[in-house]
Amino acid sequence: MNVIIPDDVKVRFRVPARIIGLVGCTLMIASIFMSWSYGHTVLDDVGYWGAPSPLQLYYAVLPVLGVLLLAVPLLGRGRLGRWAKLVAWNTSAKTCAIWSLAVTAVMIASIAIGLGGLVNVDPGGWVALAGALIAVASTLFLPDSPDPNLYRLKSPQWVQILAIVGVMAVLLFGAAYLLNFENADQFLTFGASVVGVVMVLRQFGIFSWLSIAAANNNRVLVTSAFVVAFAFPFTQNGSDANMSIASQVLIFAATALGLNIVVGLVGLLDLGYIAFLGAGAFTAAILSGSAFATIDWVPPFWLTVLIAGTVSSLLGLLIGAPTLRVSGDYLAIVTLAFGEIFRITMNNLDGNDGPNLTNGSNGISAIPDLNFFGFDFGKAHVIFGIDIGRFANYYWLMLVVIAIIIVVFMNLNYSRIGRGWVAIREDELAAEAMGVNTFALKLLAFAGGAFLAGVAGAVKAHYDVSVTPDQYVFLESAFLLAAVVLGGMGTVMGVLIGATILKLLPEKLRFFSDYRLLLFGLLMVIMMRFRPEGIIADERRQLEFHDEDDALAVEIQEEMRAKHVHLNPEPKEWDL
Amino acid sequence: MSQTITDGHSVDTGTVLLGASAVTMRFGGLTAVNNVSLNVHSGEIVGLIGPNGAGKTTLFNCLTGLYRPTSGEVRFLGEVLPPKPRLVVRRGMARTFQNIRLFHNMTALENVMVGMYSRTQTNAIDAVFRLPRHRREELASTERAKELLDFVGLSKAADTLSRNLPYGDQRRLEIARALATEPKLLLLDEPTAGMNPQETRQAEELIFRIRDLGLAVLVIEHDMRFIFNLCDRVCCLVRGEVLIEGPGEVVQNDPRVIEAYIGSSETDDEPAVPAADEPEQKGEADA
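Just so it is clear, the structure is predicted and the values come from calculations on it, not from any experiment.

Residues and elements named next belong to chain A. When cut into domains, chain A gives domain 1 (7-228) and domain 2 (237-362 + 386-504 + 511-545). Relative placement of domain 1 and domain 2: their C-alpha centres are 36 Å apart. Counting from both sides, the interface comprises six residues of domain 1 and, opposite them, six residues of domain 2. When domain 1 packs against domain 2, close to 650 Å² is buried across both sides, 74% of that on carbon and sulfur atoms. The interface formed by domain 1 and domain 2 includes zero residue pairs in polar contact (both at pLDDT 80 or more). Grouping the amino acids of the side of domain 1 that touches domain 2 by side-chain chemistry returns four nonpolar, one polar and one charged.

In this section: the environment of A:Asp350. Residues and elements named next belong to chain A. Looking at the element boundaries, aspartate 350 is found in the loop between α15 (329-348) and β1 (371-372). By relative accessible area, aspartate 350 is classed as partly exposed at 25%. The spacing of aspartate 350 and leucine 287 is 63 residues in sequence and 16 Å in space, taken between C-alpha atoms. Sequence-distant contacts of aspartate 350, defined by excluding residues within four places in its chain, comprise Pro355, Asn356, Asn359 and Gly360.

What follows is about the sheet that holds strand β7 (residues 185-189) of chain B. Residue and element names in this part refer to chain B. The strand order across the open sheet built from six strands is β6-β7-β8-β3-β9-β10, with neighbouring strands paired in mixed fashion. One side of each edge strand has no neighbouring strand; the edge strands of this open sheet are β6 (93-95) and β10 (241-246). Adjacent strand axes in the sheet meet at a mean angle of 15° when their direction is disregarded. Relative to strand β8 (residues 216-220), β7 runs parallel, the two being bridged by five bridges.

Let us look at the domain arrangement of chain B. Residues and elements named next belong to chain B. What the domain assignment lists for chain B is domain 1 (2-92 + 183-286) and domain 2 (102-177). Listed per partner, the contact involves 18 residues of domain 1 and nine residues of domain 2. Summed over both partners, the interface of domain 1 with domain 2 buries about 1,100 Å², with 61% contributed by carbon and sulfur atoms. Among the residues of domain 1 in contact with domain 2, Arg90, Leu206 and Arg209 are the three that bury the most area, contributing 37% of the side total.

Residues and elements named next belong to chain A. When the terminal C-alpha atoms of helix α19 (residues 438-464) are compared, their 38 Å separation across 27 residues agrees well with the 39 Å that a helix rising 1.5 Å per residue should span. Burial of α19 is extensive: 21 of the 27 residues sit out of reach of the surface. Two residues or fewer after α19 comes valine 465, characterised by a positive phi angle close to 70°.

With that out of the way, let us pick up a negative patch on the surface. Residues and elements named next belong to chain A. Side chains of Asp147, Glu548, Asp549 and Glu555 sit close together on the surface and give a patch of like negative charge. For glutamate 555, the location among the structural elements is in helix α25 (residues 550-563). Residue classification places glutamate 555 among the partly exposed positions, given a relative accessible area of 32%.

Okay, the nonpolar core next. Residues and elements named next belong to chain A. Ranked by internal contacts, the top residues of the largest apolar core, which has 125 residues, are Phe232, Phe276, Tyr395, Trp421, Val467, Tyr472 and Leu502. No other element matches the 17 residues that helix α12 (residues 240-266) contributes to this core. The contact partners of leucine 502, leaving out residues within four places of it in the chain, are Phe252, Phe479, Ala482, Ala483, Leu486 and Phe520.

Scoring rules and cut-offs
Residues numbered from 1 in each chain as written. Chains lettered and ligands numbered in written order. Predicted model: local features only at pLDDT ≥ 70, side-chain atom pairs only at ≥ 80, totals over all residues. Heavy atoms only, no water. Domains from an automatic or database assignment. Contact = heavy atoms within 4.5 Å. Buried area = accessible area lost by both parts, 1.4 Å probe. Polar contact = N/O pair within 3.5 Å; in protein donor to acceptor, adjacent residues only side chain to side chain. Nonpolar A, V, L, I, M, F, W, Y, C, P; charged D, E, K, R; others polar. Helix = DSSP H or I, 4+ residues; strand = E, 2+ residues; numbered from the N terminus. Buried < 20%, exposed > 50% of the residue type's maximum accessible area, 1.4 Å probe, protein only. Pairing = 2+ DSSP bridges. Axes fitted to C-alpha atoms, helices over the stretch in contact; angles between N-to-C directions. Expected span 1.5 Å × (residues − 1). Patch = residues over 30% accessible without salt bridge, like charges linked within 9 Å, V, L, I, M, F, W, Y side chains within 5 Å. Areas by Shrake-Rupley, 256 points an atom, 1.4 Å probe, with all protein chains shown as cover. Salt bridge = Lys/Arg side-chain N within 4 Å of Asp/Glu carboxyl O. Lys, Arg positive; Asp, Glu negative; His and termini not counted. Charge placed at Lys NZ, Arg CZ, Asp CG, Glu CD. Core = buried A, V, L, I, M, F, W, Y, C linked by side-chain atoms within 4.5 Å.

As structure tokens, then:
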């Protein structure tokens, strides 16, 4: 997006550029009162004059933001005071214009594709497109602003807490709303405008401020995050469709978090991680008391979870002990092979070629639902007048599992062990020469990550009702790795977001799921090129990817200082 | 000032800390270190000099377990050292690197705390459940790390990323990190390379203070004034072999040492020196 326009030109034309940009934004806002499409079968009711549909109202959020971003700096530097420097007004406006254009394009494309041709786009659509183009063109003439440093803004604690709670509430209702779109076009339009708003706020510096606020009020953050996640089933009015997706997302996210210890914290490439999830699932299935289970012993579920985790981590030790002495590519190849060996072995433990443990490719089906102290996970319960179905029950259970995994992840990260892992990642030889037992630490990460995957697998077995070897193919490992890389290696929040994106999009967008390999591949290439550190970047990881960037190093150091994120001694906060 | 301290200590020849006997290191056909024997006593500062490619760093790598010597043995406090850097550190020998090898994206404090790894015991269970031992040890090692940073004069830089530190500070931080392993013998590989005269003087003073803590120091250096000011004994390596070993003034005035550095008009073995440089670099990269 760097059109080469000389800086002096930009400075000279900044006021007219802002005014023209305002015209563009106004056009877009005006367009929501017009009809966008000839027919009424695409998007929602965008075909009426004078009555904006909900989708059109959401569409207007970006242009309204654009108006603010363009109009406020017109007040002049003097009136803005230090706000002139705290916020990246121009860059935010530019981002806003570009995303407005993107959303407009998505909507027009949906209309054109859905109704068969651009003929069906009514004046409203064209006005909006013209407005967006004008806005983009004019904001290109704005001088680049320096990086926002809104995080320097001191604010009272109650404002910070209020902001965190507000963000969480928005997250809850946004997610509930987004999930309720049955129609892919609507989902995409709404999704694109949400992403657009998020990008603008990021440019604005809101997130750097929020991350400081979150770091200062960590308890509030963690508590409200879990309250929100816990409350989610209540927004679904007993609908099972979304809860099923949500619990799948959580299982996927929990596994990805375990992988994140290996990949994100220690920097080992594991391409067969799904095998550990599978080992946990098979263990739990065998011990579940299903009619197809090959062992008659049914331990209580907490014990099953521990056994499943232990079996997985033993496998981790088995595979890690000989291979962790080699590094990099070799480890990737060995783990890749291990994943396949696991699947094939499970396929063959059918009594013909060895003991019958898994019933071969049939797997173990009819796994009974869990039952804690009379609380049957398979039945719907009415809580506060809202039906809480089977999937919601498992969703809550997975929430607990994720909480445990996050605690393990964070506590290990902020400890002597975590420091050792960072040291290994940075310079393994130097770490060894400073007395760090690099082999043991790598093995610990490998076995620990496997344990967590085993635990997630134990729940997954009951959730899925049946466990078969072909659920645990290489592709799943690749997706887990993609979730970690896309979200941000070494971060919790990033991996949660990455896992959500990777699991949610194919569920909600049918056309997407047909091409999901292609599109995810493309996404990964783009990420690697433009943001290798992932959506949410871990500070250290970001520096590792931008080794030459000294300015970034200073900036990150200042930010770390502001947040007091050291690996010592008792961290005041967890930087999710 | 430095002279008096040196004199005071040169009398004291404590127990033999490090005893390398007949250490030989071959890379293929090239003998980088040949039959080198070297003793370091407690409380003594020993200098290791020699022209480029003489095998000084290779010898260091043999002593600290990065290389397993082709023949010969290295004893520390009478016991043969295991050829594993991590175990060598546990025995009480720590080193710095010629090309600074800090953990660049960790803060100064964290770098030092990594150095304490082998002297702390917190395990995964302690860390996950935040047991008292974890807490106690973290507090203690933070405290200790701050003291060490203070000792090398970096107390203000505790939360600075080590890559953002000036060059001289990085060298000092590496020393602090090595001290964090609680060594009895500290091996410094060109601690003043790239420093200006003032920083060099500070480094010199720092090494004396380290010795005053009761540590022995073995130091590789090219700065002759620095080395002869500092060291109780100096060992000169040339082409992998010990040319001469003895008190500073003796080595300083030995014509063979001068010849090794400057070359004499009759000798034509000049090319051998750059040739020997090769495996030393390569070996380090491999390790």
